[in-house]
Amino acid sequence: MKYHIIKNVLTNQERKKLIKDCQPYLITGEEMSDMLFKEKNIRQTYPGRQTREYLHTIPCFQPPIKKILRAISKEFKRSFVLQMSWINWTNGNKKDINWHNHPYTNYSAVYYIKTFPFFNNGTLFEDGFIKSPQNSVLIFPARLKHTAPSSPLRFDRYTMALDLGNI
(Lines give C-alpha, C1' and ligand atoms only; values in the text may rest on other atoms or scores of the structure.)
Protein backbone atom coordinates (compact mmCIF):
# COMPACT_ATOMS: atom_id res chain seq x y z
CA MET A 1 0.00 0.00 0.00
CA LYS A 2 1.28 3.43 -0.87
CA TYR A 3 -1.81 5.64 -0.43
CA HIS A 4 -5.28 4.63 0.61
CA ILE A 5 -8.34 6.89 1.01
CA ILE A 6 -11.49 6.15 3.02
CA LYS A 7 -14.34 8.60 2.36
CA ASN A 8 -17.26 9.79 4.52
CA VAL A 9 -15.76 8.83 7.87
CA LEU A 10 -17.60 11.08 10.36
CA THR A 11 -20.96 12.83 10.33
CA ASN A 12 -21.08 16.54 9.56
CA GLN A 13 -21.97 17.21 13.20
CA GLU A 14 -18.96 15.19 14.47
CA ARG A 15 -16.66 16.98 12.02
CA LYS A 16 -17.84 20.45 13.05
CA LYS A 17 -17.56 19.51 16.73
CA LEU A 18 -13.88 18.59 16.19
CA ILE A 19 -13.21 22.11 14.89
CA LYS A 20 -14.99 23.68 17.85
CA ASP A 21 -13.40 21.38 20.44
CA CYS A 22 -9.83 21.82 19.19
CA GLN A 23 -9.79 25.64 19.40
CA PRO A 24 -8.57 25.87 23.04
CA TYR A 25 -5.82 23.31 22.31
CA LEU A 26 -4.35 24.90 19.18
CA ILE A 27 -1.03 26.66 19.74
CA THR A 28 1.32 28.42 17.36
CA GLY A 29 4.31 26.71 15.84
CA GLU A 30 6.61 28.92 17.91
CA GLU A 31 4.83 27.93 21.14
CA MET A 32 5.04 24.26 20.18
CA SER A 33 8.74 24.55 19.41
CA ASP A 34 9.43 26.32 22.72
CA MET A 35 7.46 23.69 24.69
CA LEU A 36 9.29 20.77 23.14
CA PHE A 37 12.63 22.46 23.64
CA LYS A 38 11.86 22.86 27.36
CA GLU A 39 10.51 19.29 27.68
CA LYS A 40 12.87 17.30 25.44
CA ASN A 41 15.63 19.69 24.39
CA ILE A 42 14.39 19.33 20.78
CA ARG A 43 14.13 22.32 18.46
CA GLN A 44 11.81 21.79 15.47
CA THR A 45 9.72 23.92 13.14
CA TYR A 46 5.93 23.62 13.32
CA PRO A 47 3.80 25.41 10.73
CA GLY A 48 0.47 27.10 11.40
CA ARG A 49 -1.10 26.01 14.66
CA GLN A 50 -1.51 22.56 16.13
CA THR A 51 -2.50 20.68 19.24
CA ARG A 52 -0.16 18.52 21.27
CA GLU A 53 0.36 14.95 20.12
CA TYR A 54 -1.75 13.28 22.81
CA LEU A 55 -5.16 14.41 21.57
CA HIS A 56 -6.54 10.85 21.88
CA THR A 57 -6.18 11.04 25.67
CA ILE A 58 -8.58 14.00 25.94
CA PRO A 59 -12.16 12.73 26.48
CA CYS A 60 -13.99 14.93 23.94
CA PHE A 61 -11.71 13.66 21.12
CA GLN A 62 -11.93 9.96 21.96
CA PRO A 63 -15.27 9.15 20.21
CA PRO A 64 -14.34 10.62 16.78
CA ILE A 65 -10.80 9.19 16.94
CA LYS A 66 -12.18 5.74 17.79
CA LYS A 67 -14.60 6.02 14.86
CA ILE A 68 -11.76 6.96 12.50
CA LEU A 69 -9.67 4.03 13.78
CA ARG A 70 -12.62 1.62 13.34
CA ALA A 71 -13.00 2.77 9.72
CA ILE A 72 -9.28 2.18 9.10
CA SER A 73 -9.33 -1.24 10.81
CA LYS A 74 -12.43 -2.29 8.86
CA GLU A 75 -10.89 -1.21 5.56
CA PHE A 76 -7.60 -3.04 6.20
CA LYS A 77 -9.18 -5.97 8.08
CA ARG A 78 -6.67 -5.55 10.91
CA SER A 79 -6.02 -3.43 13.96
CA PHE A 80 -3.38 -0.80 14.52
CA VAL A 81 -1.90 0.77 17.64
CA LEU A 82 -2.56 4.51 17.88
CA GLN A 83 0.72 6.09 18.97
CA MET A 84 0.00 9.81 18.61
CA SER A 85 -2.75 12.09 17.35
CA TRP A 86 -3.04 15.84 16.88
CA ILE A 87 -4.93 18.47 14.89
CA ASN A 88 -3.26 20.90 12.51
CA TRP A 89 -4.55 24.24 11.27
CA THR A 90 -3.05 26.08 8.31
CA ASN A 91 -4.32 28.67 5.87
CA GLY A 92 -2.26 27.74 2.82
CA ASN A 93 0.54 30.25 3.49
CA LYS A 94 3.74 29.25 1.68
CA LYS A 95 5.74 29.85 4.85
CA ASP A 96 3.89 26.89 6.39
CA ILE A 97 5.32 24.37 3.92
CA ASN A 98 7.09 21.87 6.19
CA TRP A 99 8.41 18.72 4.54
CA HIS A 100 8.60 15.90 7.08
CA ASN A 101 7.95 12.25 7.72
CA HIS A 102 7.13 10.18 10.80
CA PRO A 103 10.14 7.86 11.22
CA TYR A 104 9.09 6.30 14.54
CA THR A 105 5.88 4.64 13.34
CA ASN A 106 4.66 2.41 10.51
CA TYR A 107 1.73 4.33 9.03
CA SER A 108 0.41 7.85 9.13
CA ALA A 109 -3.17 8.89 8.57
CA VAL A 110 -4.59 12.33 7.83
CA TYR A 111 -8.27 12.96 8.47
CA TYR A 112 -9.48 16.01 6.52
CA ILE A 113 -11.75 17.86 8.93
CA LYS A 114 -12.21 21.03 6.89
CA THR A 115 -10.86 21.85 3.45
CA PHE A 116 -11.74 24.23 0.66
CA PRO A 117 -13.52 22.66 -2.33
CA PHE A 118 -10.89 23.60 -4.92
CA PHE A 119 -7.64 24.08 -3.02
CA ASN A 120 -5.78 22.35 -0.19
CA ASN A 121 -7.95 19.24 -0.23
CA GLY A 122 -5.18 16.71 0.04
CA THR A 123 -1.54 16.25 0.94
CA LEU A 124 1.57 17.03 -1.06
CA PHE A 125 4.12 14.20 -1.26
CA GLU A 126 7.55 14.25 -2.91
CA ASP A 127 6.12 12.23 -5.80
CA GLY A 128 3.00 14.37 -6.23
CA PHE A 129 -0.25 15.64 -4.77
CA ILE A 130 -2.79 13.15 -3.40
CA LYS A 131 -6.26 14.63 -3.43
CA SER A 132 -8.51 13.70 -0.51
CA PRO A 133 -11.91 15.28 0.02
CA GLN A 134 -13.17 16.78 3.24
CA ASN A 135 -14.35 14.05 5.68
CA SER A 136 -11.95 11.44 4.30
CA VAL A 137 -8.88 9.82 5.78
CA LEU A 138 -5.68 9.22 3.82
CA ILE A 139 -3.41 6.41 5.08
CA PHE A 140 0.18 6.07 3.87
CA PRO A 141 3.59 4.68 4.94
CA ALA A 142 4.95 7.02 7.62
CA ARG A 143 8.39 7.17 5.99
CA LEU A 144 7.04 9.18 3.02
CA LYS A 145 7.93 12.88 3.11
CA HIS A 146 4.86 15.09 2.92
CA THR A 147 3.47 18.54 3.73
CA ALA A 148 0.25 20.52 3.68
CA PRO A 149 0.02 22.26 0.30
CA SER A 150 0.08 26.01 -0.11
CA SER A 151 -2.80 27.92 -1.65
CA PRO A 152 -3.23 31.41 -3.13
CA LEU A 153 -6.43 31.78 -1.08
CA ARG A 154 -6.33 32.11 2.69
CA PHE A 155 -8.87 29.81 4.25
CA ASP A 156 -8.92 27.55 7.26
CA ARG A 157 -7.69 24.00 6.68
CA TYR A 158 -8.08 21.59 9.59
CA THR A 159 -6.64 18.10 9.57
CA MET A 160 -6.12 15.45 12.20
CA ALA A 161 -2.90 13.43 12.06
CA LEU A 162 -2.69 9.94 13.48
CA ASP A 163 0.46 7.83 13.79
CA LEU A 164 -0.35 4.11 13.60
CA GLY A 165 1.89 1.23 14.57
CA ASN A 166 1.55 -2.46 13.83
CA ILE A 167 0.11 -4.74 16.49
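Residues numbered from 1 in each chain as written. Predicted model: local features only at pLDDT ≥ 70, side-chain atom pairs only at ≥ 80, totals over all residues. Heavy atoms only, no water.

Novice: Help me understand the overall build of the protein, please; the structure alone is not making it clear to me.
Specialist: If you tally the helices and strands in the protein, you get 3 helices and 10 strands. Each helix and strand of the protein, ordered N terminal to C terminal, gives the series β-α-β-α-β-α-β-β-β-β-β-β-β. Since a compact globule built from 167 residues should have a radius of gyration of about 15 Å, the 15 Å found for the protein is in line with a globular shape. C-alpha extents for the protein along the principal axes are approximately 40 × 35 × 35 Å. Across the 167 residues in the protein, those meeting the buried criterion constitute 49%. Within the protein, counting contacts between residues at least 6 apart in sequence, those at least 24 apart form 78% of the total. Entry remark: accessible area of the protein is about 9000 Å², with carbon and sulfur atoms responsible for 54%. The protein carries 25 positive and 13 negative side-chain charges, and their two centres are separated by 6 Å. (Helix = DSSP H or I, 4+ residues; strand = E, 2+ residues; numbered from the N terminus. Rg over C-alpha atoms; globule rule 2.2 N^0.38 Å. Buried < 20%, exposed > 50% of the residue type's maximum accessible area, 1.4 Å probe, protein only. Contact = heavy atoms within 4.5 Å. Areas by Shrake-Rupley, 256 points an atom, 1.4 Å probe, with all protein chains shown as cover. Lys, Arg positive; Asp, Glu negative; His and termini not counted. Charge placed at Lys NZ, Arg CZ, Asp CG, Glu CD.)

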